[in-house]
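The chain contents come next:
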Amino acid sequence: MNNAHTPHRVLVVEDEPVLAGTVVNYLNRAGFEARAVPTGTEAVPAVREWSPDVVVLDLGLPGLDGIEVCRQLRGFSDCYVIMLTARVEEDDTLTGLSAGADDYMTKPFSVRELVARVQAQLRRPRVASAALQRSFGPLVIDPGARRVTLGETVIEVTPTEFDVLETLSARPTTAFSRRDLIDAIWGPSWVGDEHLVDVHIGNLRKKLGDAASQPRYVTTVRGHGYRMGTGS
C-alpha cells in the first residue's frame, strides 16, 4: 500500500472504452492515480507491476473473466477489489464475492457512487494494530499482523474476511447484525444488498472448517446476525 504522501492507485479493468475512460477521469479528478486495462489477461501482470490499492474489476470480461482474475489476484495481492457486473442474478454476485471481491456494484451505476465506494474501501484500517492476539480454542486472530491461525496452520483470508473476523472477535459476547458489520467494515454510507455479509461469513466458515449447523467459531444468532463462538 502507498504511504500518506502518495496518491492511492486504482486500476480499472473494463473492456468498454468509454466507461473505462469516464471512471478513470472521475478517479483522477478525485485525487487518485488511476489507469485502465481492457482485459483480464492484462490485469494480472498490471497488478503485479503497479501494485494498486484498489482494483475496479468488470465481471464480464472477454477471455479471462473477472472471476478468474480475482482468484489469481488473491494469490499474491491484498488490494481491495470492487466487482462491476451487468448481471443481476444473485449467483453471479455471490460467485464474485466468493472469489475474493470486497464489494460489488451492478451496471448501470453512478460513477460518483463508484468513486465513493473506492474512498470507503481506503478508509478501512490497514495499519497494524497494537491489539493483543485473540484466541478462541485453536483459532488465533492477530490484529497486529493481520494473521489468522488454526492450530499450527496459517489460514489465508482476504482483507474483508479478516476485517469481519477481527470485528466479531473484538467483542466476542456481542451479536452483530448485518448492518452493524457493514457500518463497521464498509462504512455507514454503504448501500447495497446486506447479504454480502453472509457470503463473507460463509467463505470464512469454509476456510475454518466451521459448519453452520454446529459452529465453533462464528455463530449465527437467529433473527439477528452473528457473533464469535467459544471455540469449544
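Just above, that's the structure.
What you are looking at is a predicted structure, and each value in this text was computed from that prediction instead of being measured. (Residues numbered from 1 in each chain as written. Predicted model: local features only at pLDDT ≥ 70, side-chain atom pairs only at ≥ 80, totals over all residues. Heavy atoms only, no water.)

K.L.:
Can you lay out the pairing of strand S7 (residues 139–142) for me, pointing to particular residues and giving the numbers?
P.N.:
Burial along S7 is two-sided: Leu-139 and Ile-141 facing one way and Val-140 and Asp-142 facing the other are all buried. Relative to S7, strand S6 (residues 134–136) runs antiparallel, the two being bridged by 3 bridges. In the strand pairing of S7, Phe-136 is matched with Leu-139. Counting the residues between successive antiparallel strands, the hairpin from S6 to S7 contains 2 residues, one of them, Gly-137, with a positive phi of roughly 60°. (Buried < 20%, exposed > 50% of the residue type's maximum accessible area, 1.4 Å probe, protein only. Helix = DSSP H or I, 4+ residues; strand = E, 2+ residues; numbered from the N terminus. Pairing = 2+ DSSP bridges.)

K.L.:
Provide a residue-level description of the sheet that holds strand S9 (residues 153–155), including the pertinent values.
P.N.:
One open sheet holds the 4 strands; their spatial order is S6-S7-S8-S9, and the pairing between them is antiparallel. The open sheet has two edge strands with one neighbour each: S6 and S9. Going across the sheet, the axis of each strand differs from the next one's by a mean of 25°, ignoring polarity. As paired elements, strand S8 (residues 147–150) and S9 share 3 bridges and run antiparallel to each other. What sits directly across from Thr-149, in S9, is Val-154. (Axes fitted to C-alpha atoms, helices over the stretch in contact; angles between N-to-C directions.)

K.L.:
Got a sec to walk through the nonpolar core? Specific residues and values, please.
P.N.:
Val-55, Leu-57 and Leu-168 are the most contacted members of the largest nonpolar core, which totals 48 residues. At 6 residues, the largest contribution of residues to this core is made by helix H8 (residues 196–208). For Leu-168, the residues in contact, after removing those within four places along its chain, are Phe-176, Leu-181, Ile-201, Val-218, Tyr-226, Arg-227 and Met-228. Formed by 20 residues, the second largest nonpolar core is a distinct cluster that contains Leu-27, Ile-82, Leu-84 and Leu-114. (Core = buried A, V, L, I, M, F, W, Y, C linked by side-chain atoms within 4.5 Å. Contact = heavy atoms within 4.5 Å.)

K.L.:
Now, about the layout of surface pockets: what can you tell me, with residues and values included?
P.N.:
In this structure, the largest pocket spans a volume of roughly 420 Å³. Contributing to the lining of the largest pocket are 22 residues, with Asp-78, Glu-156, Val-157, Thr-158 and Pro-159 lying nearest its centre. Among the elements that line the lining of the largest pocket, the one with the most residues is helix H6 (residues 159–170), at 3 residues. In the lining of the largest pocket, the residues fall into 9 nonpolar, 5 polar and 8 charged. (1 Å grid on protein atoms, 1.4 Å probe; cavity = no way out; pocket = protein on both sides within 12 Å on 5 of 7 lines; lining within 4 Å. Points joined across faces, edges and corners; volume = space filled by probe spheres on them. Nonpolar A, V, L, I, M, F, W, Y, C, P; charged D, E, K, R; others polar.)

K.L.:
Go over unusual backbone geometry, please, and point to the residues and values.
P.N.:
Of note, the bond from Lys-107 into Pro-108 is cis; its omega dihedral lies within 30 degrees of zero at -5°. Mapping Pro-108 onto the fold places it in the loop between strand S5 (103–106) and helix H5 (111–123). Within the chain, Ser-51 stands out as a residue other than glycine whose phi angle is a positive 50°. As for its placement among the helices and strands, Ser-51 is situated in the loop between helix H2 (40–50) and strand S3 (54–58). Non-glycine residue Arg-146 carries a positive phi angle of around 50°. On the secondary structure map, Arg-146 appears in the loop between S7 and S8.

K.L.:
Go over the packing of aromatic side chains, please, and point to the residues and values.
P.N.:
For the coordinates displayed, the defined rule picks out 1 aromatic pair. Judged by centre distance (6.4 Å) and plane angle (50°), the rings of Trp-186 and Trp-190 are tilted. For Trp-186, a relative accessible area of 3% puts it in the buried group. Overall, the relative accessible area of 3% leaves Trp-190 in the buried class. Arg-48 extends its terminal NZ or CZ atom over the ring of Phe-76, reaching a point 3.9 Å from the ring centre. (Phe/Tyr/Trp six-rings, centres within 6.5 Å; stacked < 30°, edge-to-face > 60°. Lys NZ or Arg CZ within 6 Å of the ring centre and 35° of its normal.)

K.L.:
Before we move on, could you go through the sheet that holds strand S11 (residues 218–221) and cite the residues and values that matter?
P.N.:
Overall, antiparallel pairing links the 3 strands, which are arranged S10-S12-S11 in an open sheet. Either end of the sheet is taken by a strand with one partner, and the two such strands are strand S10 (176–177) and S11. In the sheet, S11 pairs with strand S12 (residues 225–228) via 4 bridges, with the strands oriented antiparallel. Bridge assignment links Val-221 to a residue of S12, and that residue is Gly-225.

K.L.:
Give a description of the environment of Val-197 that names residues and reports values.
P.N.:
You can see Val-197 is positioned in helix H8. Along the primary structure Val-197 and Val-164 are separated by 33 residues, whereas in three dimensions their C-alpha atoms are 8.4 Å apart. In this structure, Val-197 is in contact with Arg-178, Leu-181, Ile-182, Trp-186 and Tyr-226, ignoring residues within four places of it in sequence.

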